[in-house]
Amino acid sequence: MKATSYIADFDSAAAMLGQLSNYLRGRSALVPVERWRRILERARKKGVFLGVDESAFPRDFAVFVRYRFDLQRTIQARYSIPAPLSLDDLDRFLAERGARYNVQWSTA
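The structure presented is a predicted model; accordingly, all values stated were derived computationally and were not measured.

**Q** Please clarify how the overall build of the protein chain should be interpreted in this entry.
**A** Looking only at helices and strands, the protein chain has 4 helices and 2 strands in total. Mapped from its N terminus to its C terminus, the protein chain presents α and β elements in the order α-β-α-β-α-α. Per-residue burial for the protein chain yields a buried fraction of 19% across its 108 residues. Looking at the protein chain alone, contacts between residues at least 24 apart form 62% of all its contacts between residues at least 6 apart. Counting only carbon and sulfur atoms, one obtains 53% of the accessible surface of the protein chain, whose full area is about 8900 Å².

Structure (structure tokens):
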């Protein structure tokens, strides 16, 4: 399973929030809920499904409606979008940490 391999390549996250879509409901390649739950259990602090009715999956057609409300309840912190950086700020950042990022300017 690719998701398991992907997650195994890095230390488990503090929190993992998952959603299951039912668009593959008729296919034999559908991954069982139990396997997705085992992936979420790798989270160090919290691993939960958002909006998913596990007993109804894959015929859970209200998942997207519940997802929105579950997401708002689960992640309550809200932050405003910061002001954009000026080009001078970006140049200063790259001068300090530029070796870490492969940034090249084009004058085309």
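**Q** What should I look at first to understand the confidence of the model for the protein chain in this one?
**A** Close inspection of predicted coordinates is inappropriate in any region flagged by low pLDDT. Per-residue confidence for the protein chain gives a mean pLDDT of 82, with 81% of residues at or over 70. Within the protein chain, helix α1 (residues 2-8) has the poorest average pLDDT of any element, 64, and helix α3 (residues 63-74) the best, 91.

**Q** Got a minute to help me understand the pattern of salt bridges in this structure?
**A** Oppositely charged side chains are able to pair whenever their charged atoms sit close together. Overall, the coordinates contain 5 salt bridges when judged by the stated rule. With its nearest N and O atoms 2.5 Å apart, the salt bridge here joins R66 to D60. Taking relative accessible area as the criterion, R66 reaches 29% and is therefore assigned partly exposed. We note a salt bridge from E96 to R97, for which the minimum N-O separation is 3.4 Å.

**Q** Is there a simple way to think about the nonpolar core in this case?
**A** The tendency in soluble globular proteins is for nonpolar side chains to be buried side by side. The biggest cluster of nonpolar side chains holds 9 residues, and these are M16, L20, V33, L40, A43, F49, V52, F57 and V63. Setting aside chain neighbours within four positions, we find V33 in contact with L20, F49, E54 and F57.

**Q** Help me out: how do you make sense of the pairing of strand β1 (residues 15-18) in this one?
**A** Each regular strand displays side chains that alternate between the two surfaces of the sheet. Residues M16 and G18 of β1 are buried on one face, while the alternating residues A15 and L17, pointing to the opposite face, are not. As defined by bridge partners, β1 adjoins strand β2 (residues 46-49) across 4 bridges and the pair is classed as parallel. Within β2, the residue paired with M16 across the bridge is G47.

**Q** Please clarify how unusual backbone geometry should be interpreted in this entry.
**A** Most peptide bonds adopt trans geometry, and most residues besides glycine take a negative phi value. A cis amide bond, omega 10°, links F57 with the succeeding residue P58. With respect to the helices and strands, P58 occurs in the loop between β2 and α3.

**Q** Would you mind showing me how to read helix α2 (residues 33-40) here?
**A** A turn of α-helix holds 3.6 residues, and therefore any two residues three or four places apart point the same way. Of all the residues in α2, the buried ones are V33, I39 and L40. Buried residues in α2, looked at end-on, bunch into an arc of 120°, giving them a common side.

The rules we used
Residues numbered from 1 in each chain as written. Predicted model: local features only at pLDDT ≥ 70, side-chain atom pairs only at ≥ 80, totals over all residues. Heavy atoms only, no water. Helix = DSSP H or I, 4+ residues; strand = E, 2+ residues; numbered from the N terminus. Buried < 20%, exposed > 50% of the residue type's maximum accessible area, 1.4 Å probe, protein only. Contact = heavy atoms within 4.5 Å. Areas by Shrake-Rupley, 256 points an atom, 1.4 Å probe, with all protein chains shown as cover. pLDDT = per-residue confidence, 0-100. Salt bridge = Lys/Arg side-chain N within 4 Å of Asp/Glu carboxyl O. Core = buried A, V, L, I, M, F, W, Y, C linked by side-chain atoms within 4.5 Å. Pairing = 2+ DSSP bridges. Arc of directions from axis to C-beta.

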